[in-house]
Amino acid sequence: MDTPLPARPRLPIRARLATTIGGAAATVSKLAGRGDGSVIGGIIGLRLEPDLLSLLAAGRQVILVTGTNGKTTTTRLITAALSATGQKIASNVYGANMEAGLTSALSRELDAPLAVLETDEKYIPAMIKATQPKVVVLLNLSRDQMDRAAEIWMLARRWREALAASDCLVVANADDPLVAWAASAARSVSWVAAGQRWREDSWCCPHCGAHLVRHGDDWGCRECGNQRPPVRWTLSSGKVIDPGGRVQSLDLALPGRANASNAVVALAVAEAFGVDADGALVQMRGVTSVAGRYTQVQRRGTEIRLLLAKNPAGWLEALDVMVPAPVPVLLAVNAQSPDGRDTSWLWDVDYRRLRGRPVLVGGERRMDLAVRLEADDVAFQLVDGIDHAIDLARSPRLEVLANYTAFQQYRAVLGRTE
Ligand SMILES: [Zn+2]
């Protein structure tokens, strides 16, 4: 276990003022019912002191967590694992993951020596500069919303440059060639075989552009020799293989392969803080839901489970996690700006596994999804809202998969639950 940190340096007076005023604004916003106030508090604090994030991060051990999918859950699992250190931990638990959200998370826990911060993938270079992290976690990189493949490559290049200039430890998924390429520029990397469910954005070598050759999880480029690095931690059939070759069951409360790989990543981070796998797993098994995701809610006699996924890779993972037929499924899609206005990503998901089970389709863009399901020969019924879905499902259980704002709308109806 690491020795306790020395007392954190006192903040300069303007930063203290900015923190206080930002915190007050957050409280007012929260009382007014506008979410948890973390963004508004951070924005106001940064207006008053543009270096507030750097000042708040100074003297702490910061962990930044990024990737297209799994950031929020992995952040939660790392926080749980590190609670075994007995130290106080700051974290942006509600997923506000840009500069203001990070600033607010740190200002709420001024005396926490550790900080686990989910970070938007586009902001990672700037956040590395501002927070001088001890560890950066790179989960995966694929298209989100309206991104195109070229933008994903650009992003990987920017990660790579930022990591080359930092002396942090990188915990990276070796199974994602784009992530591996970005991470390989770092001074030290703990490689994790966390799997890659979504491969459509990584058929080409990020280094030279040639076609990648794949055998199972292994990948390599014949042109430039770029290849999957040797891994330290492996997820294999729901079990983790640690650096010493010991095999252990994860036995998480959170469902699915995606969460199992998030947990193995968290174990690699815990190792860097002197927490062994046994100690970390005990804590991570206590995580049952993350910001309302995977929550089970009772409504009018139906047990409803909520799954959130925002992009094709996330939808594929979520379809894997679902309770099998005959339990009915409600799929809901919106296209408000947080979701991305373009719904063409729906065509990147294979829905054929839903054939033969009751499927309900909701959300503001349900017609877009309906057209897509017809193309895959999946029978469905359209619904207006969650209660209509419960009426039509007539089942003791209902699985709900929704994208971002559709998920928030259902959660509001069902009551905010953790
Ligand atoms: Zn190559």
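Please read these numbers as outputs of a predicted model, since none were measured by experiment. One numbering rule holds for all chains: residues counted from 1, following each sequence as written. For this predicted model, a pLDDT threshold of at least 70 governs which residues receive local features, and a threshold of 80 or more governs which side-chain atom pairs are given and counted, while totals over whole chains, interfaces and linings are taken from all residues. Side-chain figures throughout are based on the complete set of non-hydrogen atoms in the structure, without hydrogens or water.

## Brief notes about the overall build of the chain
Helix and strand definitions here come from DSSP, where helices need a minimum of 4 consecutive H or I residues and strands a minimum of 2 consecutive E residues; each element is numbered from the N-terminal end. Check the secondary structure of the chain and you find 14 helices and 17 strands. Here the globule rule reads 2.2 Å times residues to the power 0.38, and the radius of gyration is calculated from C-alpha atoms. In terms of overall dimensions, the chain is globule-like: its C-alpha atoms have a radius of gyration of 21 Å, near the 22 Å expected for 418 residues. For the chain, the spread of C-alpha atoms along the principal axes amounts to about 60 × 60 × 40 Å. Of all 418 residues assigned to the chain, the portion counted as buried reaches 55%. By the convention used here, residues are in contact when the closest approach between their heavy atoms is within 4.5 Å. When contacts within the chain are restricted to residue pairs at least 6 apart in sequence, those whose partners lie at least 24 apart make up 67%. Charge assignment in this entry is limited to Lys and Arg as positive and Asp and Glu as negative, and neither His nor the chain termini are counted. For this purpose, a charge sits on NZ of Lys, CZ of Arg, CG of Asp or CD of Glu. If you average the places of the 48 positive and of the 44 negative side-chain charges in the chain, the two averages end up 3 Å apart. In this scheme, a residue with accessible area under 20% of its type's maximum is buried, one over 50% is exposed, and one in between is partly exposed, where area comes from a 1.4 Å probe on protein chains only.

## Brief notes about the pattern of salt bridges
Here a salt bridge means any side-chain nitrogen of Lys or Arg lying within 4 Å of a carboxyl oxygen belonging to Asp or Glu. Within this structure, the stated rule accounts for 16 salt bridges. Notably, a salt bridge pairs Lys88 with Asp111, separated by 3.1 Å at the nearest N-O pair. With a gap of 23 residues between them, Lys88 in the loop between α4 (71–82) and β2 (89–91) and Asp111 in the loop between α5 (99–108) and β3 (114–118) connect regions that are remote in the sequence. Connected through shared salt-bridge partners, Arg299, Arg300, Asp387 and Asp391 make up one network.

## With respect to the environment of Arg187
Relative to the elements of secondary structure, Arg187 occurs in the loop between α8 (177–183) and β6 (188–193). C-alpha of Arg187 to C-alpha of Ala335: the two residues are 148 residues apart in sequence and 40 Å apart in space. Setting aside its immediate chain neighbours within four residues, Arg187 contacts Ala164, Ala165, Ser166 and Asp167. The term polar contact refers here to a pair of N or O atoms within 3.5 Å; inside protein, the definition further demands a hydrogen-donor-capable atom paired with an acceptor-capable atom, and it admits residues adjacent in sequence only when both atoms are side-chain atoms. From its side chain, Arg187 meets the backbone oxygen of Ala164 in a polar contact 3.2 Å long.

## Some remarks on the coordination of the zinc ion
Each metal site lists N, O and S donors within 2.8 Å (3.2 Å for Na, K and Ca). With water left out of the atoms, a site can look as if it is missing ligands. The zinc ion binds to the protein through Cys205 (SG), Cys208 (SG), Cys221 (SG) and Cys224 (SG); the donor distances cover 2.3 Å. Just to be clear on the cut-offs, tetrahedral is four donors with all angles between 85 and 135 degrees, square planar is four donors and octahedral six with opposite donors over 155 degrees apart and all others between 65 and 115, and anything else goes down as irregular. Geometry at the zinc ion is tetrahedral, judged from the four donor atoms that bind it and their angles of 99 to 118 degrees at the metal. Mapped onto the sequence, the donors of the zinc ion take the spacing C-x2-C-x12-C-x2-C. One end of the pair, Cys205, is in the loop between β6 and β7 (212–215); the other, Cys224, is in the loop between β8 (218–221) and β9 (233–236), with 19 residues separating them in the sequence. Relative accessible area serves as the criterion here: at 34%, Cys224 is assigned to the partly exposed category.

## Observations concerning the packing of aromatic side chains
Note on aromatic pairs: the rings of Phe, Tyr and Trp (six-membered ring only in Trp) are paired at centre separations within 6.5 Å, and the planes decide the class, stacked below 30 degrees, edge-to-face beyond 60, tilted for the rest. Under the defined criterion, the tally for this structure stands at two aromatic pairs. Pairing Trp315 with Trp345 gives two aromatic rings, centres 5.4 Å apart and planes at 70 degrees, and the pair type is edge-to-face. One end of the pair, Trp315, is in helix α11 (residues 312–321); the other, Trp345, is in the loop between β14 (329–332) and β15 (359–362), and 30 residues separate them in sequence. Here Trp315 matches Trp345 in class, with each residue buried. A centroid spacing of 6.5 Å and a plane angle of 75 degrees characterise the contact between Trp315 and Tyr351, whose relative ring orientation is edge-to-face. Residue Trp315 is located in helix α11, and its partner Tyr351 is located in the loop between β14 and β15; the two are separated by 36 residues in the primary sequence. Definition used: whenever NZ (Lys) or CZ (Arg) falls within 6 Å of the ring centre and also within 35 degrees of the ring normal, the charge is taken to sit over that ring. Looking at Arg214, its charged tip hangs above the ring of Trp203, at a distance of 5.6 Å from the centre.

## Observations concerning the nonpolar core
Nine residue types can take part in a nonpolar core, namely buried Ala, Val, Leu, Ile, Met, Phe, Trp, Tyr and Cys, and a core is a set of them joined through side-chain atoms within 4.5 Å. With 64 residues, the main nonpolar core has Ile63, Leu82, Val137, Leu250, Met284, Trp315 and Leu331 as its most contacted residues. By residue number, the principal contributor to this core is helix α9 (residues 256–272), which donates nine residues. The residues contacting Ile63, other than those within four sequence positions of it, are Ile78, Leu82, Ala115, Val116, Leu117, Val135, Val137, Val269 and Phe273. Judged by nonpolar contacts, the second largest core, of 48 residues, contains Val136, Leu163, Val170 and Cys205.

## Thoughts on helix α12 (residues 366–375)
Listed as buried for α12 are Leu369, Ala370, Arg372 and Leu373. Take α12 and look down its axis: the buried residues cluster within an arc of 165 degrees, on one side only. Of the surrounding secondary structure, the elements contacted by the buried residues of α12 are α11, β14, β15 and β16 (381–382). A positive backbone phi angle near 60 degrees is found at Asp377, which sits one or two residues after α12. In this description, the arc belongs to the directions extending from the helix axis to the C-beta atoms.

## With respect to the sheet that holds strand β13 (residues 302–308)
If you walk across this open sheet you meet the six strands as β12-β13-β17-β14-β15-β16, and the pairing is mixed. Of all strands in the sheet, those bounded by a partner on one side alone are β12 (296–299) and β16. In this sheet, strand β17 (residues 397–402) lies alongside β14 in parallel orientation, the contact comprising four bridges. Its bridge partner lying in β17, Ala332 is registered against Ala402. Of the strands in this sheet, β13, β14 and β17 touch α11, which is tilted by about 170 degrees from β17. Across the sheet, α12 is in contact with β14, β15 and β16; its angle to β15 comes to roughly 145 degrees. Note: two strands are recorded as paired if DSSP finds a minimum of 2 bridges between them. For helices, the fitted line uses only the C-alpha atoms of the stretch in contact; every axis is such a line through C-alpha atoms, and the angle between N-to-C directions lies from 0 to 180 degrees.

## Things to note about the pairing of β13
Of all seven residues that make up β13, six are buried, and the element is covered over most of its length. Hairpin connection between β12 and β13: a loop of two residues separates the two successive antiparallel strands, and Arg300 in this loop has a positive phi of roughly 45 degrees. As paired elements, β13 and β17 share six bridges and run parallel to each other. Within the sheet, the bridge partner assigned to Ile304 lies in β17 and is Leu398.

By themselves, these observations are geometric and do not establish any function.
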